[in-house]
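# Commentary on secondary and tertiary structure
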Amino acid sequence: QVQLVESGGGLVQPGGSLRLSCAASGSSFSIYLMGWYRQAPGRQRELVATTTRAGTANYADSVKGRFTISRDNAKNTVYLQMNSLKPEDTAVYYCNANILTGTIRGDYWGQGTQVTVSS
């Protein structure tokens, strides 16, 4: 029914920037809360940022002032602009979306994209 496709990960030097994108494909669905999570090797998955359909954003303290989450509802796409990247931001980043299809509501996940911050 619905797939989330992520893009934009890669290798960047400390202080650099990356923009992640996550697009939902399919038909006859509505997206509610969307968020980005990340998981570093040997670490638990943690919430990075969320955004409501209206665009209200929340951020983990570790990324406030550096990351910006946004969404384009017409394109069913959520973005994560990451600036001033630090080595501790290195992780696999996952897109999550709560989606309504008909009367069925559930969570969907992207496959993950690797972000590596290193000199």
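Here we summarise the structure given alongside this text. (Residues numbered from 1 in each chain as written. Predicted model: local features only at pLDDT ≥ 70, side-chain atom pairs only at ≥ 80, totals over all residues. Heavy atoms only, no water.)

Attention now moves to the pairing of strand β8 (residues 77–82). Of all 6 residues that make up β8, 5 are buried, and the element is covered over most of its length. Of the pairings in the sheet, the one linking strand β3 (residues 18–26) to β8 comprises 6 bridges and is antiparallel in character. When the bridges of β8 are listed, C22 appears paired with V78. Inspection of the sheet shows strand β7 (residues 67–72) paired to β8 by 6 bridges, in the antiparallel sense. Bridge assignment links S70 to a residue of β8, and that residue is Y79. (Buried < 20%, exposed > 50% of the residue type's maximum accessible area, 1.4 Å probe, protein only. Helix = DSSP H or I, 4+ residues; strand = E, 2+ residues; numbered from the N terminus. Pairing = 2+ DSSP bridges.)

The next subject is the pairing of strand β4 (residues 30–39). Alignment of β4 against strand β9 (residues 91–101), held across 8 bridges, turns out to be antiparallel. Its bridge partner being in β9, S30 is matched across the sheet by L100. Linking β4 back to strand β5 (residues 46–51) in an antiparallel pair, the connection comprises 6 residues, with G42 at a positive phi of about 75°.

A word on the nonpolar core. Side chains of nonpolar character tend, in soluble globular proteins, to be buried together. Ranked by size, the top nonpolar core spans 27 residues in total, and within it W36, V48, F67, L80, M82 and Y93 carry the most contacts. Put simply, the parts of the chain that give this core at least two residues each are β1 (2–7), β3, β4, β5, β7, β8, β9 and β11 (113–117). In terms of residue count, β9 provides more of this core than any other element does, 5 residues in total. (Core = buried A, V, L, I, M, F, W, Y, C linked by side-chain atoms within 4.5 Å.)

With that out of the way, let us pick up the packing of aromatic side chains. Working definition: an aromatic ring pair is given by the centre-to-centre distance plus the angle between the planes. Inspection of every chain in the model, using the stated rule, returns 1 aromatic pair. An angle of 55° between the planes, with centres 5.1 Å apart, marks the rings of Y37 and W109 as tilted. Taken together, the residues Y37 in strand β4 and W109 in strand β10 (residues 104–109) connect sequence positions 72 residues apart. Over the face of the ring belonging to Y37 we find R45, whose NZ or CZ atom lies 5.3 Å from the ring centre. When the ring centre of Y32 is taken as reference, the NZ or CZ atom of R105 above it lies at 4.2 Å. (Phe/Tyr/Trp six-rings, centres within 6.5 Å; stacked < 30°, edge-to-face > 60°. Lys NZ or Arg CZ within 6 Å of the ring centre and 35° of its normal.)

Judged by pairing direction, the sheet is antiparallel, and its 4 strands sit side by side in the order β1-β3-β8-β7 without closing on themselves. Strands with a single pairing partner mark the edges of an open sheet, and in this sheet they are β1 and β7. Within this sheet the neighbouring strands show an average axis-to-axis angle of 15°, counted without direction. (Axes fitted to C-alpha atoms, helices over the stretch in contact; angles between N-to-C directions.)

The subject of this paragraph is the state of the cysteines. The term disulfide refers to a covalent linkage connecting the sulfur atoms of a pair of cysteines. Applying the stated rule across the entire model yields 1 disulfide. The disulfide partner of C22 is C95, and the gap between their sulfur atoms is 2.2 Å. On the sign convention where negative means left-handed, the S-S torsion of about -80° between C22 and C95 marks this disulfide as left-handed. On the criterion of sequence distance, the pair formed by C22 in strand β3 and C95 in strand β9 is long-range, its members being 73 residues apart. When sorted by exposure, C22 lands in the same class as C95, which is buried. (Disulfide = S-S within 2.5 Å.)

What the rule picks out here adds up to 4 salt bridges. The closest approach of N and O atoms between E46 and R38, which form a salt bridge, is 2.7 Å. The partly exposed category is assigned to E46, whose relative accessible area is 33%. The exposure class of R38 is buried, given its relative accessible area of 5%. Salt bridges sharing partners connect three or more residues here, namely R38, E46, R66 and D89. (Salt bridge = Lys/Arg side-chain N within 4 Å of Asp/Glu carboxyl O.)

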